[in-house]
Structure formats: structure tokens, C-alpha cells
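Structural overview for review
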Amino acid sequence: MESALRVQNKSILKALVKREFPKDFSYAERIVKRMGRKGIIVSRQTVYQTVAGNSYNAGIAWQVMVLIRGYRIYNARINRELMKLANTQN
């Protein structure tokens, strides 16, 4: 039997990936590479199953969280620079 926290993590993970990443982001491939550099071998299918909620892997969930945070920071940085550029044009 799964804990309530794990069930909640599964649904949050699924919603975040759907909301945050564009379709062509290839997050699974990025996570496979990131974990591979640490010596942890996972397949893209395992990543997709974790995100879909069919299985749960805390290491993959953590990597997805890190990737989402990095993606948000990257987009915020682009937005700040674009706003600076737009404000200097006026």
C-alpha cells in the first residue's frame, strides 16, 4: 500500500511536467543523461512511467524537480533581460 505522501507526489509530478515543459523539451532524455553522469542507469521509459504515475522513483522525481526549477530560473532570467531591453527602448 502506498503512502498518502507518495500518491500526492505522483499527482504533483504529473501536473508539473504537463504544465511546465513544452512538448519538444525531451525532459526524459535530459534526466537519463543527468542520472547517467552520476552512475545511475535509468531508461526514458522509466522516467515516463514515473511522471505518468504508473510507478514511483524518488531519484527520478528529484531530478524532474531540479529540471523544473532550472527551467523556471532560465525563463525568469530571459524575461528579466527582455524587460530591461524593452525599458531601455522607451
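Going by the structure above, here's the rest.
Given the structure is predicted, the values throughout are model-derived calculations rather than measurements. Sequence positions are assigned chain by chain, starting from 1 and proceeding in written order. Two thresholds apply to this predicted model, a pLDDT of at least 70 for residue-level local features and 80 or more for giving and counting side-chain atom pairs, whereas whole-chain, interface and lining totals are computed over all residues. Where side-chain values are given, they derive from all heavy atoms of the structure, hydrogens and water being excluded.

Here's the deal with the overall build of the protein
- Elements are defined by DSSP. Helices are runs of H or I of four residues or more, strands are runs of E of two residues or more, and each kind is numbered from the N terminus. A count of helical and extended segments in the protein gives 4 helices and 0 strands.
- The globule rule used here is 2.2 Å times the number of residues to the 0.38 power, and the radius of gyration it is set against is calculated over C-alpha atoms. For 90 residues, the compact-globule estimate of 2.2 N^0.38 gives 12 Å, and the protein exceeds it by more than 25% at 16 Å.
- Each principal axis of the C-alpha distribution contributes one length, and for the protein these read about 60 × 30 × 20 Å.
- Relative accessibility thresholds used throughout: buried, under 20% of the residue-type maximum; exposed, over 50%; partly exposed, between the two (1.4 Å probe, protein chains only). Buried positions account for 24% of the 90 residues belonging to the protein.
- Two residues qualify as a contact provided that any one of their heavy atoms is within 4.5 Å of a heavy atom in the partner residue. Long-range contacts, defined here as pairs at least 24 residues apart, represent 63% of the contacts in the protein between residues at least 6 apart.
- For every accessible area listed, the method is Shrake-Rupley and the probe measures 1.4 Å; residues are considered covered only by the protein chains on display. Counting every atom, the protein has about 6600 Å² of accessible surface; 55% of that belongs to carbon and sulfur.
- With 17 positive and 5 negative side-chain charges, the protein shows a separation of 3 Å between the mean positions of the two kinds. Charge convention: Lys and Arg are scored as positive, Asp and Glu as negative, and His as well as the terminal groups of each chain are ignored. All charge positions are set by atom: Lys at NZ, Arg at CZ, Asp at CG, Glu at CD.

Some words on the packing of helix α2 (residues 27–37) against helix α4 (residues 58–89)
- Where α2 contacts α4, the axes come no closer than 10 Å and their chain directions differ by 115°. Classified by the interaxial angle, the pair formed by α2 and α4 is roughly perpendicular. As for the relative orientation of α2 and α4, their crossing is right-handed in sense. Of α4, the residues touching α2 (which contributes Tyr27, Arg30, Ile31, Arg34 and Met35) are Gly59, Ile60, Gln63, Val64, Val66 and Leu67.
- Under the scheme applied here, ten amino acids are nonpolar (Ala, Val, Leu, Ile, Met, Phe, Trp, Tyr, Cys and Pro), four are charged (Asp, Glu, Lys and Arg), and all others, including Gly, are polar. Each residue belonging to the contact of α2 with α4 can be placed in one class, and the counts come to 7 nonpolar, 2 polar and 2 charged. Fitting a line to C-alpha atoms yields each axis, with helices limited to the stretch in contact; the angle taken between N-to-C directions then spans 0 to 180 degrees. Should an angle fall under 35 degrees it is called roughly parallel, over 145 degrees roughly antiparallel, and 65 to 115 degrees roughly perpendicular, with every other angle called oblique. Each crossing gets its handedness from the near helix: less than a right angle anticlockwise from the far helix is left-handed, clockwise is right-handed.

As for unusual backbone geometry
- Of note, the phi angle at Ser26 is positive, near 50°, even though the residue is not glycine.
- Topologically, Ser26 is positioned in the loop between α1 (4–20) and α2.
- Judged by its relative accessible area of 38%, Ser26 falls in the partly exposed class.

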